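Spelled out from the first residue to the last, the chains are:
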Amino acid sequence: MTDYLLVSFETCPWVQRAAIVLREKKTPFSFKHIDRDNRPDWFVAISPHRKVPVLRIDDKVSLFESNAIVEYLDETIAPRLHPGDPLLRAWNRAWTDYLPTFASDVTGAAYASTQGDYEKAVGKIEGPFSKLEEALARRSEGPFFNGPDFSLVDAAYAPFLQRYGFLDRIAPLGKLEAFPKLSAWSATLMARSSTHSFAPDVFEGMYRETVKKRNVWLSQFC
Ligand SMILES: N[C@@H](CCC(=O)N[C@@H](CS)C(=O)NCC(=O)O)C(=O)O
């Protein structure tokens, strides 16, 4: 049996994306959590950008970049999470390509160092939310991004929708409520066990601790 090791920082959303795909495929794996502030030499040697996730396979091969990792897992382990139809698959890839922008606009408030920067960051949330609401309106049914079947798009967005929820509970944002399809999608993903690498309430505490230590404007509320 192939041995999969996910090298991680405990609260990294990009690692979580890969872990979700492994859990959806019911594939056993383990985490190796490392310290962001003290990255070991063995890690630096296998991670060209010094970032997590790295997926170590059979302690021989290392893959980096969450999108490359999940595409590899999807090509090599059943069931396929990408849709079979090439057009729908291209459309799905277009939305996973959008993920870094979504992540930065929706969770940027967690990195703002002043109240002014925080308010500017909060002002960026509605744009991506409205884009996703329109994308979700194209399908005929839910509960997932494409309909009844869980996909790589669901795995990609779940960690960032979860962090939006955390931020909304640290200092109320109230943005999601204006987008019913996105709200329902987010609720579905939060209720899905594959989303969670830790018990949700424990993880929320860990996330708050991370924001607190970051010494940003939001830290005072954590
Ligand atoms: N594009 C990368 C992003 C990964 C990423 O930004 N990871 C963060 C942790 S959540 C990291 O390793 N940051 C370390 C750094 O920037 O030095 C991916 O999808 O894997």
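Bear in mind the structure is a predicted one, so any value in this text is a computation, not a measurement. Residue positions are given per chain, counting from 1 as you read along its sequence in written order. Residue-level local features of this predicted model are given only where pLDDT is at least 70; pairs of side-chain atoms are given and counted only at 80 or more, and the full residue set underlies all totals for whole chains, interfaces and linings.

Once that is clear, we can look at the overall build of the protein. A tally of helices and strands in the protein yields ten helices and four strands. Strands here are runs of E lasting at least two residues and helices are runs of H or I lasting at least four, both read from the DSSP assignment and numbered beginning at the N terminus. Mapped in sequence order, the helices and strands of the protein form the string β-α-β-α-β-β-α-α-α-α-α-α-α-α. The quantity called the radius of gyration is restricted to C-alpha atoms. Its globule counterpart is 2.2 Å times the number of residues to the power 0.38. Its C-alpha atoms give the protein a radius of gyration of 17 Å, near enough to 17 Å, the size a compact globule of 222 residues would have. For the protein, the C-alpha atoms occupy an extent of roughly 50 × 45 × 30 Å along the three principal directions. Comment: burial labels come from other C-beta atoms within 10 Å of the residue's own C-beta, placed from the backbone, where a count of 20 or more is buried, 12 or fewer is exposed, and between is partly exposed. Per-residue burial for the protein yields a buried fraction of 31% across its 222 residues. Our contact criterion uses C-beta atoms placed from the backbone: two residues qualify when those atoms are within 7 Å. Taking all contacts inside the protein whose residues are at least 6 apart in sequence as the whole, residues at least 24 apart take part in 68%.

Moving on, we get to the domain arrangement of the protein. Each assigned domain of the protein is listed here: domain 1 (4-76) and domain 2 (86-221). What counts as a domain boundary in this text is fixed by an automatic or database domain assignment. A separation of 21 Å is found between the C-alpha centroids of domain 1 and domain 2. Every contact between the two is made by 13 residues of domain 1 and, on the other side, 16 residues of domain 2. Elements supplying a minimum of two residues to the side of domain 1 that touches domain 2: α1 (13-24) and α3 (66-76). Considering each element in turn, the side of domain 1 that touches domain 2 owes the most residues, eight residues, to α1. Gly counts as polar in this scheme, as do all residues outside two lists: the nonpolar Ala, Val, Leu, Ile, Met, Phe, Trp, Tyr, Cys and Pro, and the charged Asp, Glu, Lys and Arg. When the residues that make up the side of domain 1 that touches domain 2 are grouped by side-chain class, the tally is five nonpolar, three polar and five charged.

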